[in-house]
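# Notes for the structure review
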Amino acid sequence: MFGPVLKGKQITLRPPDETDAARFVAWFADLEVTRYLAERFPLSLPQEEDFIKRIGESKNDVWWVIEAEGKAIGATGIHGINWINAHATTGTVIGDKSCWRKGYGSESMALRTEYAFRHLNLHKLKSGAIMDNEPSKRALQKAGYRQVGIEREESWRDGRWRDHWLCEVLRDDWEREHPR
Ligand SMILES: CC(C)(COP(=O)(O)OP(=O)(O)OC[C@H]1O[C@@H](n2cnc3c(N)ncnc32)[C@H](O)[C@@H]1OP(=O)(O)O)[C@@H](O)C(=O)NCCC(=O)NCCS
């Protein structure tokens, strides 16, 4: 599924349009962008179009393009939704490097978290980051995620093993911080 339009102060989450796939092709060819991602190989345009088609048809994923400064800058999603146990795993990529460190990742995660709890009725969101991905960890923490564990030497990056930081946010904890 694609998520509906969610407007924040600086960014908008929106469903993809037909121009978006080509942007992802360029972003995922950049090692700096994929440095901390699970997906580290670039896709061709047809593969990227197929990915967007499949995620749009999925009943267990909700996916958005992130827009800021009048352009698409990345994507965020809620994946592997387990509708009985009401949990899912989230992820974000800002592919346009000129848009890093402007608060857009943090705002995307905040909008997505509110949507997951208030609209999808999910109970818990899980995520993670390679230990030295400070912006990702910080943005997740600001959205309410808390550390639940560390997977030791989980990823091989830039010539050495990296620990993986695991985190979760429970809806009750998030609601306490975000009274209606
Ligand atoms: C990780 C990512 C989503 C963060 O988004 P962003 O818009 O660049 O981050 P923000 O501007 O919202 O910053 C988040 C926090 O990290 C801090 N931060 C940013 N860069 C930092 C750095 N290099 N070192 C330490 N802290 C940093 C910011 O100051 C901010 O904290 P604050 O609000 O307390 O000041 C984005 O950089 C990205 O997509 N990177 C490439 C792909 C990736 O790593 N995805 C996540 C995989 S788990």
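This text follows the structure it describes.
First things first, this report covers the structure right here in the doc. In this text the structure is predicted, and so the values were computed from the model without any measurement. (Residues numbered from 1 in each chain as written. Predicted model: local features only at pLDDT ≥ 70, side-chain atom pairs only at ≥ 80, totals over all residues.)

## Considering the overall build of the protein chain
Within the protein chain one finds six helices and eight strands. Walking the protein chain from its N terminus toward its C terminus, one meets helices and strands in the order β-β-α-α-α-β-β-β-α-β-α-β-β-α. Against the 2.2 N^0.38 benchmark of 16 Å for 180 residues, the protein chain shows a C-alpha radius of gyration of 16 Å, consistent with a compact globule. When the backbone C-alpha atoms are referred to their principal axes, the protein chain occupies close to 40 × 40 × 30 Å. With 180 residues in all, the protein chain has 32% of them scored as buried. The long-range share in the protein chain, meaning contacts at least 24 apart out of those at least 6 apart in sequence, stands at 56%. (Helix = DSSP H or I, 4+ residues; strand = E, 2+ residues; numbered from the N terminus. Rg over C-alpha atoms; globule rule 2.2 N^0.38 Å. Buried ≥ 20, exposed ≤ 12 C-beta atoms within 10 Å, placed from the backbone. Contact = placed C-beta atoms within 7 Å.)

## Examining the environment of alanine 110
Considering the arrangement of structural elements, one finds alanine 110 in helix α4 (residues 104-118). Take alanine 110: there are 20 C-beta atoms within 10 Å of it, and that puts it in the buried class.

## Here we look at α4
The terminal C-alpha atoms of α4 lie 21 Å apart, and with 15 residues this matches the ideal 21 Å at 1.5 Å per residue to within 8%. Burial analysis of α4 places twelve of its 15 residues in the buried class, the great majority of the element. For α4, the full list of buried residues reads Tyr104, Gly105, Ser106, Glu107, Ser108, Met109, Ala110, Leu111, Arg112, Thr113, Ala116 and Phe117. (Expected span 1.5 Å × (residues − 1).)

## Things to note about the site of the ligand
If you check the shell around the ligand, you find 21 residues, and the closest are Gly105, Ser106, Glu134, Pro135 and Arg138. Secondary-structure elements contributing two or more residues to the shell around the ligand are β5 (87-94), α4 and α5 (134-142). Looking at the shell around the ligand, the element that brings in the most residues is α5, giving five residues. Within the shell around the ligand, the residues separate by chemical class into ten nonpolar, seven polar and four charged. (Near = placed C-beta within 6 Å. Nonpolar A, V, L, I, M, F, W, Y, C, P; charged D, E, K, R; others polar.)

## Observations regarding the packing of α4 against α5
Relative orientation of the contacting elements α4 and α5 amounts to 40°, with a least axis distance of 9 Å. Two packed elements cross with a definite hand, and for α4 against α5 that hand is right-handed. Here Gly105, Ser106 and Met109 of α4 come into contact with α5, specifically with Pro135, Ala139, Leu140 and Lys142. When grouped by side-chain class, the residues that make up the contact of α4 with α5 number four nonpolar, two polar and one charged. (Axes fitted to C-alpha atoms, helices over the stretch in contact; angles between N-to-C directions. Left-handed = near helix turned anticlockwise from the far one by under 90°.)

## Quick notes on the environment of arginine 171
The topology assignment puts arginine 171 in helix α6 (residues 171-177). Separated by 113 residues in sequence, arginine 171 and serine 58 place their C-alpha atoms 24 Å apart. The residues touching arginine 171, leaving out its near neighbours within four places in the chain, are Phe117, Leu122, His123 and Lys124.

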